[in-house]
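# Summary of the model geometry
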Amino acid sequence: MRAHDWEATKLGSPTGWPESLKTPLRLMLMSRFEMWLGWGEDLTFFYNDAYIPTLGSKHPTALGMPMSHVWQEVFEDVRDRVMSVMRDGAATWDDQLLLLLERNGYPEETYHTFSYSPLVGNDGVVEGLMCVVSEVTDRVINERRIKQLNDLAAGLLKAQSRFDVTEAVRQNFGRESRDFPFADLILFDLADSPHPASGDADRWPVSAIERGEKQVIISLEGVGQDLPSGPWQIPPREALILAVEQAGETRSIGALVLALNPYRLADEASFGFARLIAAQIAGALATIDAVSAQRRDRDRLWTLSQDLMLVCDFDGIIRSVNPSATRLLGWAADEMIGQILADFIHPEDVLTTAQEVAKLAQGITTLSFENRYRCRDGSYRLLDWNAVPDAGRIHAVARDITQERQLARDRERIWAISPIVKVVATTEGIITAVNPSWTNILGWSQADTVGRNILEFVAEEQEAAQKRLSRLASPDAAVVQSQSVFRAQNDRLRRFAWTTVPESGMLYLFGRDITAETEAAEALASTEEALRQSQKMEAVGQLTGGIAHDFNNLLAGILGNLELLELRLSQNRLEALQRHLDTAQGAAKRAAALTQRLLAFSRRQTLDPTPVNVNRLIAGLEDLLRRTVGPSIEIEIVGAGGLWMTKIDRYQLENAVLNLCINARDAMPDGGRLTIETANKWLDDRTGRERELPPGQYVSLCVSDTGTGMTPEVIERAFDPFFTTKPLGEGTGLGLSMIYGFVRQSGGQVRIYSEVGGGTTMCIYLPRHAGTVVEVEQESEPTHLERGGHGETVLVVDDEASVRSLIVDVLTDSGYHVIEAADGPAGLKILQSDARIDLLITDVGLPGGMNGRQVADAGRVCRPKLKILFITGYAENAVIGNGLLEHDMRIITKPFGIEAIANKVREMIDEGDKPERSIGEA
């Protein structure tokens with residue numbers, strides 16, 4: 001304190017002060033503690049610098065003023081203490097005394113811990129007092145706020161509902177709440193929330209919070225006259241409204257209204273405290289909501305569960321059941337609640353149930369306990385129980401396993417009596433179980449089987465079975481369909497069709513014994529093939545009647561012209577020799593063509609489809625068809641211009657046309673007209689559906705007759721195998737069924753249009769092929785041999801001397817060295833010698849135990865690069881069984897022209913190595 005400050009006091013200069021005052025003043029001024037001193041009757045006020053913050057705006061005017069004037073607002077609160085010191089000389093002590101100081105222009109809540117001590121003058125009389133004080137306002141308020149947060153937390157912890165939370169907030173901020181004399185909580189009505197709005201939203205202006213504001217301060221004037229004041233004597237003048245926010249919500253869930261302390265300014269510390277309160281409330285609400293959601297979930301589970309849920313006492317009295325009790329047992333809830341469990345349990349299960357309840361009473365959880373419960377209709381359901389003891393009661397859940405057990409028994413019976421072989425094995429193939437059908441069919445007992453690998457029982461194609469087993473062991477293995485031959489205990493073989501299901505590291509195999517049906521199918525296939533061949537031969541037989549006459553004419557022409565040649569040579573008349581030669585050769589070529597046609601119709605092989613021009617195919621058949629149907633039937637062929645190509649087996653199509661023409665002939669016993677017509681057809685969606693074909697472009701081939709026609713019943717069955725309207729022995733009934741099958745496999749369709757007495761039209765629809773086919777017509781030219789050979793050696797093996805000598809003469813004239821052999825062994829002997837052989841020509845059908853193919857194969861053993869030309873009188877494609885010729889092998893059919901064989905030999909000898917080719921390329 002400065003000197004002039006002292007001069008301002010009424011005591012005058014310090015030099016004139018009594019010694020009894022100087023010493024306390026000196027101690028006070030030196031102290032860092034807040035201190036003030038009152039001297040004299042008026043307690044003139046002195047204080048040190050540490051006390052200045054407590055004075056606030058009262059400094060410095062308080063210096064030298066009477067203490068009752070400086071602290072007039074609280075003097076009455078401390079008067080007794082002052083009088084006790086000044087009158088009695090007794091010191092006082094106060095801890096955290098509330099004083100409403102007006103040091104900043106308004107009454108302010110402050111707390112002070114202080115002592116009043118007497119100051120005794122030289123004469124031993126109390127002349128003043130010394131106050132040592134510590135303002136603890138911040139500490140008191142902080143401790144108070146911590147306690148209030150703890151009290152609020154305790155209250156919220158007891159809350160079971162949102163209403164409880166609101167009540168806890170209101171009660172916590174009541175009579176003892178100095179910071180916030182009262183509080184209110186308003187909860188909003190949120191979308192997708194199961195909770196309705198609550199609180200007095202009309203009283204408090206919370207719209208700003210609903211719009212997104214975090215906090216607002218409002219005046220309480222006009223809000224109402226009954227506002228609580230808490231521990232204060234005056235009501236609060238303002239209130240703070242804060243947003244109550246919850247994680248996961250895009251807007252506030254409510255608003256917290258807190259009345260502000262009328263004796264404290266609202267500062268950041270107060271706002272921070274308020275935000276902590278709002279966070280506590282939000283947490284409590286979140287907990288309540290979570291618990292409520294869990295409770296709702298439990299209620300839903302209780303209500304919706306398909307399992308029976310039951311609560312009972314340890315003495316067996318039922319206290320609660322869920323709706324599934326009624327669904328499963330038929331009893332209404334009020335018919336079970338209050339009753340004894342034993343009244344509903346099967347008599348045979350009462351004892352075991354009582355023993356299980358006793359275990360639960362000891363705190364042992366029940367897992368998978370089964371007993372039977374009586375239904376309202378008198379029947380029983382088998383229930384599988386899980387139960388726990390809790391809070392003096394048993395909480396149990398039961399699953400109805402009545403049907404499950406029945407199904408299990410059914411599965412066991414099916415396993416035992418099923419004719420299907422059932423095997424359970426590991427993914428390594430180790431058998432773990434087999435059903436009785438395994439033993440019944442294969443003879444192996446379960447003891448003989450379990451533990452062994454399933455591959456041990458596979459009799460054929462073990463490698464393929466092993467590969468399937470390996471694939472089934474992969475994690476992403478799918479169901480496999482297969483066939484395997486197993487060896488029975490008596491060494492007989494049984495064929496099974498297996499379905500193997502991989503699941504959970506195990507294999508489940510279901511096998512059907514198809515031995516008998518496989519044998520029957522093979523027998524049926526053999527029979528069907530015989531019938532098909534019979535049908536083909538029937539068609540060939542139909543041909544022979546018309547062909548025999550023509551063939552005799554051709555032979556007469558050949559023989560007659562040869563005799564004329566002989567006669568003219570003996571007469572030395574050479575001018576007509578060429579004409580007789582040309583006539584004989586022409587007749588021979590026509591005879592060869594007829595022979596090849598017959599062979600093609602009687603062949604057994606199935607050829608691959610090739611691009612075909614149907615118009616040219618029909619033109620090539622025309623002579624054959626006319627001879628087949630006879631002179632009484634007029635044939636008209638109407639070929640469409642610009643006809644599209646189709647890809648099909650030409651021989652099957654020829655056979656189909658021939659069969660259709662024969663059927664047409666048989667339908668016109670008194671003669672008539674047969675029309676063969678081709679056309680390009682566009683089928684749209686509608687016409688495609690009518691013909692059971694996808695929309696697109698097709699080639700149609702129709703055979704029409706003017707015969708007797710068909711009834712609807714005959715049309716309906718016309719394509720059935722073995723169905724025929726011909727007399728017994730005159731037809732196999734396979735003709736139309738074979739045509740239908742072959743056309744459908746080729747992507748086409750067959751349709752019948754017929755009326756009784758109005759004739760019949762058979763139409764074949766074949767898909768258009770975008771490719772082209774090259775057909776070159778060769779003009780007849782005079783035979784001319786060029787010397788293509790350069791001394792190469794050709795071995796000719798043929799048992800027919802005339803053919804062999806013909807080939808030898810032709811090749812010798814062509815410049816080749818030729819060696820002859822009359823049979824297979826003789827030819828092979830030459831091949832195994834050191835003689836040079838550039839080409840082997842061999843007939844396919846040879847005597848002596850070795851055919852031409854065997855000679856060729858044996859020759860290639862010692863001569864791997866040997867070139868081979870087969871000659872045969874059979875159909876070209878019937879020579880090689882598998883449909884392929886090996887490298888450097890060719891084929892030529894009898895009869896052949898000398899120029900043709902000479903060219904073929906020259907081509908093969910001159911040709912370099914080329915890849916393997918099919919028969920059709922020979």
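As a reminder, the structure under discussion sits directly above these lines.
Residues numbered from 1 in each chain as written. Predicted model: local features only at pLDDT ≥ 70, side-chain atom pairs only at ≥ 80, totals over all residues. Heavy atoms only, no water.

### Notes on the overall build of the chain
Note the cut-off: Elements are defined by DSSP. Helices are runs of H or I of four residues or more, strands are runs of E of two residues or more, and each kind is numbered from the N terminus. We call a residue buried when its accessible area falls under 20% of the maximum for its residue type, exposed when it is over 50%, and partly exposed in between, using a 1.4 Å probe and counting protein chains only. The contact rule is simple, with two residues in contact once any of their heavy atoms fall within 4.5 Å. All accessible-area figures derive from a Shrake-Rupley calculation using a 1.4 Å probe, and residue coverage is judged against the displayed protein chains alone.
Broken down by element type, the chain carries 27 helices and 33 strands. Counting only residues that meet the buried cut, the chain has 43% of its 922 residues in that class. Sequence-distant contacts, at least 24 apart, represent 57% of the contacts inside the chain between residues at least 6 apart. Total accessible area on the chain is roughly 48400 Å²; 52% of this is exposed by carbon and sulfur atoms.

### Regarding the sheet that holds strand β28 (residues 817-821)
Applied cut-off: Strand pairing is assigned whenever DSSP identifies at least 2 bridges connecting the two strands. Structural elements are reduced to axes, namely lines fitted to C-alpha atoms, with helices fitted over the stretch in contact, and the angle between N-to-C directions of any two is expressed from 0 to 180 degrees.
Read across the sheet, 5 strands follow the order β28-β27-β29-β30-β32 without closing on themselves; strand pairing throughout is parallel. The strands lining the two open edges of the sheet, one partner per strand, are β28 and β32 (889-893). Pairs of neighbouring strands in the sheet enclose a mean axial angle of 20 degrees, with direction left out of account. The sheet contact formed by strand β30 (residues 867-872) and β32 spans 5 bridges and is parallel.

### Overview of the nonpolar core
The test is simple: Nonpolar cores are built from buried Ala, Val, Leu, Ile, Met, Phe, Trp, Tyr and Cys residues. Side-chain atoms within 4.5 Å join them into one set.
The biggest cluster of nonpolar side chains holds 40 residues, and the ones touching the most others in it are L653 and L674. If you list the elements that add at least two residues to this core, you get α19 (614-629), β21 (633-638), α20 (650-666), β23 (672-683), β24 (696-705), α23 (735-745), β25 (749-754) and β26 (760-769). Per element, the largest residue contribution to this core is 8 residues, and it comes from α20. Each residue touching L653, except ones within four places of it in the same chain, is listed here: V614, L617, I648, L701, F742 and L766. By size, the runner-up hydrophobic cluster in this structure holds 33 residues, among which are W39, L43, L63 and V70.

### Here we look at the pairing of β28
Here is the rule: If the strands point away from the viewer and the path from the first strand over the helix to the second runs clockwise, then the crossover is right-handed.
Sheet topology places strand β27 (residues 793-797) next to β28; 5 bridges connect them, and they run parallel. If you follow L795 over to β28, its bridge partner there is I819. The β-α-β motif built from β27, the intervening helix α24 (residues 801-813) and the parallel element β28 has right-handed crossover chirality.

### Points about the pairing of strand β2 (residues 44-47)
Of the two faces of β2, the one holding T44 and F46 and the one holding F45 and Y47 are both buried throughout. Pairing of strand β1 (residues 34-39) with β2, which is carried by 4 bridges, proceeds in the antiparallel orientation. Note on β2: the bridge partner recorded for G38 is F45. Hairpin geometry of β1 and β2 is characterised by an intervening segment of 4 residues between the two adjacent antiparallel strands and by a positive phi of about 90 degrees at G40.

### So, the sheet that holds strand β5 (residues 126-135)
On the basis of which strands lie adjacent, the open sheet formed by 5 strands has the order β2-β1-β5-β4-β3 and antiparallel pairing. Edge strands, defined here as strands with exactly one partner in the open sheet, are β2 and β3 (92-101). Averaged over all pairs of adjacent strands, the angle between strand axes in this sheet comes to 30 degrees, irrespective of strand direction. Direction of pairing for β3 relative to strand β4 (residues 108-120): antiparallel, over a ladder of 8 bridges. In the sheet register, L99 faces β4, and the bridge partner there is T110. Relative to β1, helix α2 (residues 19-30) is tilted by about 165 degrees, and along the sheet it contacts β1, β2, β4 and β5.

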